[in-house]
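Here's the letter readout for the chains.
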Amino acid sequence: MAEELVPNDFLVSPELFEEYFFRQDSHANIQQLANEGKLGTLKNRFISWRIFLGILPYPGPLDVWINHLTELREKYQKMIDEQRKVKIDHLDPLIFNPLSQVSDNPWNNFHEDNELKQKIRLDVERTFQERPLFLLNEVQEMMVSILFTWAKGNPEISYKQGMNELLGILMFVGYAEIPENLSRISKKASEVLNVLNSREYLEADIYWCFARLMDLGISELFNPVVTHQSMQRKKPDLFTWNAEKMHNDLVNQDKSQEQNVSSILRRCHKVHHQLLQSIDRELFNHLEAKKTEPQMYLQRWLRCMLSREFNLADTLELWDAIFANYYAESEKELSFLDFLCIAMIVFVREFCKRYLVLQSDQSGILRRLLKYPPVEDVNILVGMALKYKTKNITPVKIVTKQEVSNLSSSPLFGQKKNLGADKTPPRMFGTSQGSSGWNNNLAGSIDEAISVIRDIANEKVYNENKVNRAMEVINRIKSFIEKDVSPKTVDPLSRK
Amino acid sequence: MANIKMSQFGELVLLIGDLHIPQRSVDLPDKFKELLVPGKVQHILCTGNVGNREHSDWLKSLAANVHFVRGDFDEGTSLPEQKLITIGDWKLGLIHGHQVIPWGDKEALSNIQRVMDCDLLVSGHTHSSSIDTYDAKHFINPGSATGAYSPLTSESRPSFLIIALQGREATTFLYELIDGNVSVSKGSLTKSS
């Protein structure tokens, strides 16, 4: 491979292949390497990823691998033949010819397919334009072919912009690791490596990686399907004075459990309202106060799996960790991606908070998040995400406005909370007017107390004053409980 | 480089020519005009002698890639005498045919094919459509799309051809106007190695 096409760092190492994959006596702990950001040093990423994704069963004898790959490759060839041949053999050419306007003409599919192909080609030509590898005709043709095959096989979602970015990463890894110089390893090992990372079947191999990736929840993120109901509901309020109120309701509401929104929205809301709220309450409150809609920045992060936020080398390292964690947990989805997103937000938290105080709107935060600052070592993010993963995150309960007004009128809280203001989101505790001072009502205090305790637990530097106030609040709660003030005693320290 | 079958997608090519509008014919048959709409084919190979600017522009509007060669009545234009077009695995040669003497003779055309080194030679001028295979290579004549007269025939059937190229296979659809109706006949060709 020409020097310019693939930088040396990304080439495959046949020697390491022989050492750790060919010989059955020594195995590399690829999961651990991935979590430490060192999978790149093994220089056999294509094989490692296929192991993580479940395409190559580990540690499996090598002939199992070869048989499995052969099967998959044949399956792919059959799929292509099936999809692209126009079935006209027994049809009367007078009616079923390429120009005929008849409705069930198989040639109509041919024309539609061509349009789809054109659409895909436009995006492929713009993928990784700065890299000469992606200007190669051969590479572009393969990408168009793979995306077309997947789109035809999954007509409900078909092709959407963003899929080309995901495929680009896979294509880079696959193409880069086609072995060139096999002189330094044994003949048998080089035969096996040539079969595993075959140039001839590269398209089929990458297709199956892509298909697997999409199956792990990523394809859902491109599914725009929303049921009719929600459309009807939104319309009438658009032009009344309630419009602003409605908008605010949408902004600060957790829609992660709602069925009548798209998958991507649900996931964005889950990351923001559930995960972020549990992990970093203060930051979450700040973002909510400034009405930062999660999907504004999370949509691209999730859909392109962070490939557009970082450079290629960093993206590969992040994907190593995402796949490794999927493999470790034998989950059904790539949930580590969510934790990485949280890590990214928390990483720039100081920036977010500072901006919030200085600026009145959310555009500053969005600007920062949409143009993510370069991180010197993305392994920091992986480390943070791993920590979050191991914490027991209990989902935050979504409370309706009615429930909150019920609670606020109960004697436990002393004074009635004013929820009439449009800016207040319907939640159990506190307001989101992100302030570091103490709120008047008890509920807000409890909130702050919890956040202080959490900070302590995270070994952050704490404020003596705040700790004392927290203790005060807790004692008050304790006395309430002991007095058993209301039949509906709510334990404020537990989250249901 | 790779052995992957890249031309799996299939392409449609329109072969048409010898319209002679307005010198020998008024216009294309209506039924042909109904069929020939933009966006149906990817390539057009025109054998020449279109007749006027208007109709060569019309042909250019039908597809993204349109190729013309010079016919004996295409004076004052800078069109090439012959053209070689590669589509997928197929190499198509295009020539009007008035240069090939005797006109329409298989052996003479075969010489041209060998010089151009194409798998399929498309020629016109005789105003008589034909699909032949000679010496394992293919020769197609789309005839005259308007049924104009020629030195060889006073009346000819209006005709044109569409070929679907997929991999090494080609399916031909010959459209003719017989007694005022369109008739389509199908054939298939394979590229010889």
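Please read these numbers as outputs of a predicted model, since none were measured by experiment.

Rules of the game
Residues numbered from 1 in each chain as written. Chains lettered and ligands numbered in written order. Predicted model: local features only at pLDDT ≥ 70, side-chain atom pairs only at ≥ 80, totals over all residues. Heavy atoms only, no water. Helix = DSSP H or I, 4+ residues; strand = E, 2+ residues; numbered from the N terminus. Contact = heavy atoms within 4.5 Å. Expected span 1.5 Å × (residues − 1). Buried < 20%, exposed > 50% of the residue type's maximum accessible area, 1.4 Å probe, protein only. pLDDT = per-residue confidence, 0-100. Disulfide = S-S within 2.5 Å. UniProt positions renumbered as here; feature names shortened; annotations may be inferred. Pairing = 2+ DSSP bridges. Axes fitted to C-alpha atoms, helices over the stretch in contact; angles between N-to-C directions. Buried area = accessible area lost by both parts, 1.4 Å probe. Salt bridge = Lys/Arg side-chain N within 4 Å of Asp/Glu carboxyl O. Polar contact = N/O pair within 3.5 Å; in protein donor to acceptor, adjacent residues only side chain to side chain. Nonpolar A, V, L, I, M, F, W, Y, C, P; charged D, E, K, R; others polar. Right-handed = clockwise from strand over helix to strand, strands pointing away.

What to know about the environment of Ser48(A)
Line of reasoning, step 1. With respect to the helices, strands and loops of the structure, Ser48(A) is situated in helix H3 (residues 45-52).
Line of reasoning, step 2. Sequence-distant contacts of Ser48(A), defined by excluding residues within four places in its chain, comprise Phe21(A), Ile30(A), Leu39(A) and Leu42(A).

Structural notes on helix H6 (residues 137-153) of chain A
Line of reasoning, step 1. Compared with the 24 Å implied by 1.5 Å per residue over 17 residues, the 24 Å span of H6(A) between its first and last C-alpha is a close match.
Line of reasoning, step 2. A large share of H6(A) lies buried, amounting to 14 of its 17 residues.

Quick notes on the confidence of the model for chain B
Residues shown with low pLDDT carry predicted positions that ought not to be read at fine detail.
All names here are of chain B.
Line of reasoning, step 1. Residues with a pLDDT of 70 or more make up 95% of chain B, whose mean pLDDT is 87.
Line of reasoning, step 2. Below pLDDT 50 for its whole length, residues 1-7 participates in 15 contacts with residues either more than four positions away or in separate chains.
Line of reasoning, step 3. Among the scores for the predicted complex, ipTM is 0.74 and pTM is 0.73.

Some words on the state of the cysteines
Residues and elements named next belong to chain A.
Line of reasoning, step 1. Evaluation of the coordinates by the stated rule reveals 0 disulfides over all chains.
Line of reasoning, step 2. You can see Cys268 has no disulfide; the closest cysteine sulfur is in Cys341, sitting 8.5 Å from it.
Line of reasoning, step 3. The thiol sulfur of Cys304 is not disulfide-bonded, and the nearest other cysteine sulfur, from Cys341, lies at 12 Å.
Line of reasoning, step 4. On the basis of relative accessibility, which here comes to 7%, the residue Cys304 falls in the buried class.

Notes on the UniProt feature "domain: Calcineurin-like phosphoesterase" (unreviewed entry) in chain B
Line of reasoning, step 1. Per the UniProt entry, the sites bearing "domain: Calcineurin-like phosphoesterase" (unreviewed entry) are residues 13-163 of chain B in this numbering.
Line of reasoning, step 2. Secondary structure within residues 13-163 of chain B divides into 17% helix and 28% strand; the distance between the first and last C-alpha atoms comes to 5 Å.

A closer look at the sheet that holds strand S1 (residues 11-16) of chain B
Residue and element names in this part refer to chain B.
Line of reasoning, step 1. The mixed open sheet is built from 6 strands, whose spatial order is S3-S2-S1-S9-S10-S11. At either margin of the open sheet sits one strand with a lone partner, and together these are strand S3 (65-68) and strand S11 (181-190). Strand after strand, the sheet turns through a mean of 20 degrees between neighbouring axes, direction not considered.
Line of reasoning, step 2. Summarising the sheet, strand S9 (residues 159-166) and strand S10 (residues 169-178) pair through 8 bridges and their orientation is antiparallel.

Let's talk about the interface of chain A and chain B
Line of reasoning, step 1. Counting residues at the interface gives 31 residues for chain A, matched by 29 residues for chain B.
Line of reasoning, step 2. Here chain A meets chain B over a buried area of about 2500 Å², counting both sides, of which 63% is carbon and sulfur.
Line of reasoning, step 3. The interface formed by chain A and chain B includes 0 salt bridges.
Line of reasoning, step 4. Here chain A and chain B share 3 residue pairs in polar contact (both at pLDDT 80 or more) between them.
Line of reasoning, step 5. Breaking the side of chain A that touches chain B down by element, the ones donating at least two residues are helix H4 (62-84), helix H5 (106-125) and H6 of chain A.
Line of reasoning, step 6. Among the elements that line the side of chain A that touches chain B, the one with the most residues is H6(A), at 6 residues.
Line of reasoning, step 7. Residue composition of the side of chain A that touches chain B, grouped by class: 14 nonpolar, 7 polar and 10 charged.

Side note on the sheet that holds strand S4 (residues 82-87) of chain B
Hydrogen bonds along the backbone pair up the strands of a sheet, which may run parallel or antiparallel.
All names here are of chain B.
Line of reasoning, step 1. Pairing in this open sheet of 5 strands is mixed, and the strands run S4-S5-S6-S8-S7 from one edge to the other. This sheet does not close on itself; its edge strands, each paired only once, are S4 and strand S7 (130-134). Shown here is a sheet whose adjacent strand axes are inclined to one another by a mean of 20 degrees, direction ignored.
Line of reasoning, step 2. For S4 and strand S5 (residues 90-95), the ladder comprises 6 bridges, and the chain directions are antiparallel.

With respect to the pairing of strand S2 (residues 43-46) of chain B
Residues and elements named next belong to chain B.
Line of reasoning, step 1. Burial along S2 is two-sided: the face carrying His43 and Leu45 and the face carrying Ile44 and Cys46 are both buried.
Line of reasoning, step 2. Alignment of S1 against S2, held across 4 bridges, turns out to be parallel. Paired with Ile16 across the bridge in S2 is Cys46.
Line of reasoning, step 3. For the segment spanning S1, helix H1 (residues 30-35) and S2, crossover handedness is right-handed.
Line of reasoning, step 4. With 4 bridges joining them, S2 and S3 adopt parallel strand pairing. Counterpart to His43 in the pairing with S3 is Asn65.
Line of reasoning, step 5. For the segment spanning S2, helix H2 (residues 53-60) and S3, crossover handedness is right-handed.

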